[in-house]
Amino acid sequence: MMSASTTTSGSRRGRNSRGGPDVGTPVLPGGPRRFTRQWFDNRALPWLLLAPALLLIFGLVGYPVVRTFYLSFHEAGLASLVSGDMDFIGLDHYRHIIGDPHLRRVFLVTVVFGLSCVVATMVLGVAVALLLNRPFKGRWVLGVLVLLPWAMPRVAAATVWQWLFHDQYGLVNWVLVQLGLEGFDGYAWFISPLPAFFAIGVVVVWGAFPFVAISVLAGLQSVPDEVLEAARIDGATAGQRLRLVILPMLKPLLLVLVVISTIWDFKVFDQIYVMTQGGPARSTEVLAIATWREAFTQLNFGLGSALAMAMFVILTAITIVYIRMIREEEGL
Amino acid sequence: MRVQHRMLAVAAALAVTVAACGNGEEVEEVEDVNGVEDTDAAPDEDAEERSLSVWIMQPGSDEVENIITDSVAAFEDEHAGVSVDLQFVPWDAAHDQFVTAIGGGQVPDVAEMGNTWTPEFAEMGGLAAIEGEIDGDYIDAIVDSGLVEGEAYGYPWYAGARAFIYRQDVFDDLGLEVPDTWEELLEVGEVIEAETDLDPINVAGNYVHMLAPMVWHAGGQLAVESDGQWTAAVDSPEGRAAFEMYAELFERGWSPQGAITWSSVDVREAFANEDAAMMIGGGWDLAAAIGNNPELEDKVATALLPAGPGGNQDAFAGGSHFVQFAESDEHELGREFIEFMLQDEQVSTFADAVGFLPGTVSGVEASSAAGDPLYDTFATQIIDHSASYPSTGAWGAIEGNQVFVNAIQQVMQGDLTVDEAVAQVDEQMNEAFGQ
């Protein structure tokens, strides 16, 4: 971030000063032909070189988004996908989403569950980063161990966790009973939404916090010792140093991590698909699962697309809010 | 300039990431099974190079995969100039992948398909109907499950039916007889509950193939067809009796609370761990349970499903079809391939290895299950006492929407009465039938 903005302002200054010693590409005085050449080099060539990659990205990312947008206004089953004939039905799918109590609940559940996971991931990630930032024996071993969950494929991890949370043969209940919590003998985690979401949340956070921890750790190591030293001399306690010095300095980094976590946690799919498939009785369905169910099991691609567009809009809105916050932060 | 360089790098990195994401979705590519040079079958001069793409469900064991790749290699030996592009598709991803293939017009020539999906994709126009009579003495229920408007779309490959599996040692100790009816099942269960630490029999919220056939046992139907229009029929005295029996088995406390979200795998696991005295399961469940706990082998026995008040004891005939796709260019060659795979010897070797039964009656008789007292029951169950779910394209959506699972789970949770649950099942089924 920092270096990028420095470079930008540097080259801008360079262009204004016309051939000063700090300019990356020396610009020689000359006639219109030289101007054309210079225009080509500075303006057209980069785009030309970028074109293949951009075309690929627009093809792979842009086309599906446009297509999904198009489908969300049509009645599209599998047969009409094949033939290409589909009826335009305007906003019917969006009306259906607003009118359907189950889908309304899905949106609420997605937001509440997603935000809870973001908060838990951030708190755990920062806590682990602070721990790893302290010199102690075995610190590197712990650092590697912390990274492992992140490296594990989500489906494989969720399958293992599903067995850990099994009501009869799961390790989680066994450990809780060994700790004296007799009530967890045969406790069924997945038969009602709240404990089910707790179990799923554990798996989501477990898989997501290492990225936050490692990023924050990198950030912590960039906090100058002098500042902390000064705070300590001024009599700041450890808690005050964290709250008043370290976290404010890391705020831009934390905001970016919150954006990334929000996007991840709002579209969580694998863990729920493996652990509950949205059950029992669709009570643990989140937006990603509902979208998949409508599109791939009900073959109602129109409604599925409308749900996907809704997710797209929500995530875009959240991202814009965060980016505003980051801009304001940098503007200070 | 440096900024632009960075943009370029980011763009390139993104492109790589996007491409990598795409890769993860692809099916496992099998190495060319034609690795060995054909020595005896010298290719005809005028034999053109042709290739046939085939999707088979991933069987999950190297042994079974080898049986399939060997068969495919044998087919290639017999057909000069033909190369088979064989891919294994995981079951979990298969339905999504067929949807994507048909929707995107990139279909294989031949595929194995779960028999409850065949009508769904046939009605969409994705599959090619079988021309003329299909040869062979197939198990009726498996042929029926591939029929749409009188036309057959699936060649039965292998099949399986669930039967009654119980602990012979427990029954002997307590002097119990194998239950033939629901009442006897409850009576036997009461004795086991009183005399042992075992759960008499586990039910599971996510076990349609145990629940739905009980509607047949009670003398009812899941849905009835008239003039090509299906109508749900679970909201009936028979449907209510089936749901009541299932709920009763749960409410007696014979299964843990967690069984509300259990599937057949958990039921099998509990039986394998010697926590339950009886279970409803297939030959593959029994094989897996014995595999996990070899001591069980001498303690278990099998019988036909207990009959319900309707005097019926049919199991759901599950299985796989070979299908051909409408957009394939190799219909004739595809048919030859399917007929090759369905020869008695090929089919019984394969079915034995996966713990299922061949889709043909003669294949069943040639398989090793015939004559093995433990597994013979499953053969009798499927040949004489099995039925298929309504053969309609809507069934895929009903399955995908978990209509039965949602209803029985809500009954088990106490959120719905049986009357409300069967009404909900019918409402959702009729919605899928387009009423």
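If you're wondering where the values come from, they're calculated on a predicted model, not measured in any experiment.

Scoring rules and cut-offs
- Residues numbered from 1 in each chain as written.
- Chains lettered and ligands numbered in written order.
- Predicted model: local features only at pLDDT ≥ 70, side-chain atom pairs only at ≥ 80, totals over all residues.
- Heavy atoms only, no water.
- Helix = DSSP H or I, 4+ residues; strand = E, 2+ residues; numbered from the N terminus.
- Buried < 20%, exposed > 50% of the residue type's maximum accessible area, 1.4 Å probe, protein only.
- Areas by Shrake-Rupley, 256 points an atom, 1.4 Å probe, with all protein chains shown as cover.
- Contact = heavy atoms within 4.5 Å.
- Buried area = accessible area lost by both parts, 1.4 Å probe.
- Salt bridge = Lys/Arg side-chain N within 4 Å of Asp/Glu carboxyl O.
- Polar contact = N/O pair within 3.5 Å; in protein donor to acceptor, adjacent residues only side chain to side chain.
- Nonpolar A, V, L, I, M, F, W, Y, C, P; charged D, E, K, R; others polar.
- Expected span 1.5 Å × (residues − 1).
- Bend = angle between axes of the 7 residues up to and from the residue.
- Pairing = 2+ DSSP bridges.
- Axes fitted to C-alpha atoms, helices over the stretch in contact; angles between N-to-C directions.
- Parallel < 35°, antiparallel > 145°, perpendicular 65-115°, else oblique.
- Left-handed = near helix turned anticlockwise from the far one by under 90°.
- Patch = residues over 30% accessible without salt bridge, like charges linked within 9 Å, V, L, I, M, F, W, Y side chains within 5 Å.
- Lys, Arg positive; Asp, Glu negative; His and termini not counted.
- Charge placed at Lys NZ, Arg CZ, Asp CG, Glu CD.
- pLDDT = per-residue confidence, 0-100.
- Phe/Tyr/Trp six-rings, centres within 6.5 Å; stacked < 30°, edge-to-face > 60°.

With respect to the overall build of chain B
No. 1: Helix and strand content of chain B: 18 helices and 17 strands.
No. 2: Taking all 435 residues of chain B together, the buried fraction comes to 55%.

Looking at the overall build of chain A
No. 1: Counting its secondary structure elements, chain A contains 14 helices and two strands.
No. 2: Within chain A, the fraction of its 332 residues that count as buried is 40%.
No. 3: Only carbon and sulfur atoms are counted for the fraction: they give 68% of the accessible area of chain A, which is about 19,000 Å².

Considerations on the interface of chain B and chain A
No. 1: If you look at the interface, chain B gives 43 residues, while chain A gives 40 residues.
No. 2: Counting the surface lost from both chain B and chain A, the interface buries some 3,300 Å², and carbon and sulfur atoms represent 64% of this.
No. 3: Scanning the region where chain B abuts chain A turns up zero salt bridges.
No. 4: The interface formed by chain B and chain A holds ten residue pairs in polar contact (both at pLDDT 80 or more) in total.
No. 5: Of all the elements in the fold, those that place two or more residues in the side of chain B that touches chain A are α1 (2-24), α3 (91-104), α4 (118-123), α10 (264-272), α16 (394-400) and α17 (403-413) of chain B.
No. 6: When residues of the side of chain B that touches chain A are assigned to their parent elements, the largest contribution, ten residues, is made by α1 of chain B.
No. 7: When the residues that make up the side of chain B that touches chain A are grouped by side-chain class, the tally is 18 nonpolar, 16 polar and nine charged.

Quick word on helix α9 (residues 193-221) of chain A
No. 1: Between its first and last C-alpha atoms α9 of chain A spans 41 Å; for 29 residues at 1.5 Å apiece the expected length is 42 Å, and the two agree.
No. 2: Maximal helix bending in α9 of chain A amounts to about 35°, located at A208 of chain A; proline P210 of chain A follows within four positions.

Digging into the pattern of salt bridges
No. 1: For the coordinates displayed, the defined rule picks out 15 salt bridges over all chains.
No. 2: Among the salt bridges present, the one from E229 of chain A reaches R232 of chain A, with a minimum N-O distance of 3.8 Å. On the criterion of helical spacing, the pair formed by E229 of chain A and R232 of chain A is a turn pair, its members being three residues apart in helix α10 (residues 225-233).
No. 3: You can call E229 of chain A partly exposed: its relative accessible area is 42%.
No. 4: A residue is classified by how much of its surface remains accessible, and R232 of chain A, at 45% relative accessible area, is partly exposed.
No. 5: In this structure, the salt-bridge partner of D285 of chain B is R268 of chain B, at a minimum N-O distance of 3.0 Å. Of this pair, D285 of chain B sits in helix α11 (residues 283-292) while R268 of chain B sits in helix α10, placing them 17 residues apart in sequence.
No. 6: For D285 of chain B, a relative accessible area of 1% translates into the label buried.

Brief notes about the sheet that holds strand β13 (residues 300-303) of chain B
Remark on secondary structure: sheet strands pair via backbone hydrogen bonds, oriented parallel or antiparallel.
Residues and elements named next belong to chain B.
No. 1: Pairing in this open sheet of four strands is mixed, and the strands run β9-β12-β8-β13 from one edge to the other. In the strand order of this sheet, the two ends are held by β9 (199-201) and β13, each with one partner. Strand after strand, the sheet turns through a mean of 25° between neighbouring axes, direction not considered.
No. 2: Where strand β8 (residues 163-167) meets strand β12 (residues 276-281), four bridges bridge the pair, whose relative direction is antiparallel. Its bridge partner lying in β12, F164 is registered against I280.

What about the pairing of strand β4 (residues 110-114) of chain B?
All names here are of chain B.
No. 1: The buried count for β4 comes to five of five residues, which makes it a mostly enclosed element.
No. 2: The alternating pattern of β4 places V110, E112 and G114 on one face and A111 and M113 on the opposite face, and all of these are buried.
No. 3: Inspection of the sheet shows strand β2 (residues 50-57) paired to β4 by two bridges, in the parallel sense. In the sheet register, W55 faces β4, and the bridge partner there is A111.

Focus on the environment of P224 of chain A
Residues and elements named next belong to chain A.
No. 1: Mapping P224 onto the fold places it in the loop between α9 and α10.
No. 2: The exposure class of P224 is partly exposed, given its relative accessible area of 29%.
No. 3: With 22 residues separating them along the chain, P224 and I246 place their C-alpha atoms 9.7 Å apart.

Some thoughts on unusual backbone geometry
What you tend to see is this: most non-glycine residues have negative phi, and most peptide bonds are trans.
No. 1: Despite not being glycine, A281 of chain A has its phi angle at roughly 50°, a positive value.
No. 2: Checked against the element boundaries, A281 of chain A lands in the loop between α12 (270-275) and α13 (287-297).
No. 3: For Q402 of chain B, which is not a glycine, the phi torsion comes out positive at approximately 50°.
No. 4: Inspection of the secondary structure puts Q402 of chain B in the loop between α16 and α17.

Description of the packing of α9 of chain A against helix α11 (residues 238-266) of chain A
Residues and elements named next belong to chain A.
No. 1: One way to put it is that α9 packs onto α11 with a least axis distance of 10 Å and a crossing angle of 155°. By the criterion of interaxial angle, the relationship of α9 to α11 is roughly antiparallel. Considering how the two elements wind past one another, α9 and α11 form a crossing that is right-handed. Of the residues in α11, those in contact with V204, F211, V212, S215, V216, G219 and L220 of α9 are I246, L250, L253, L254, L257, I260, S261, W264 and D265.
No. 2: Tallied by class, the residues present in the contact of α9 with α11 amount to twelve nonpolar, three polar and one charged.

Description of a negative patch on the surface
Residue and element names in this part refer to chain B.
No. 1: A cluster of like negative charges, contributed by E123, E149, E151, E225 and D227, occupies part of the molecular surface.
No. 2: Its location among the elements puts E151 in strand β6 (residues 151-152).
No. 3: Using a relative accessible area of 40% as the deciding quantity, one classes E151 as partly exposed.

Considering the confidence of the model for chain B
No. 1: Mean pLDDT over chain B: 85, with 88% of residues reaching 70 or higher.
No. 2: Long-range and interchain partners of residues 1-46 of chain B, a stretch whose pLDDT sits below 50, account for 43 contacts in this model, where long-range means more than four residues apart.

Concerning the side chain of S388 of chain B
No. 1: Inspection of the secondary structure puts S388 of chain B in the loop between β17 (386-387) and α16.
No. 2: If sequence neighbours within four positions are ignored, S388 of chain B has contacts with A141, D144, S145 and W216 of chain B.

Focus: the packing of aromatic side chains
No. 1: Throughout the structure, instances matching the rule amount to 39 aromatic pairs over all chains.
No. 2: Both rings, one in F69 of chain A and one in F73 of chain A, keep their centres 5.1 Å apart while their planes meet at 80°; by these two values the pair is edge-to-face.
No. 3: By relative accessible area, F69 of chain A is classed as partly exposed at 44%.
No. 4: In this structure F73 of chain A comes out as buried when scored by relative accessible area, which is 17%.
No. 5: Relative to W117 of chain B, the ring of W91 of chain B has its centre 5.8 Å away and its plane inclined at 65°; by these criteria the two rings are edge-to-face. Of this pair, W91 of chain B sits in helix α3 while W117 of chain B sits in the loop between β4 and α4, and the two are 26 residues apart along the sequence.
No. 6: A relative accessible area of 12% places W117 of chain B in the buried class.
No. 7: Three or more aromatic residues joined by ring pairs form one cluster here, namely F75, W157, Y158, W284, F322, F337, F340, F350 and F356 of chain B.

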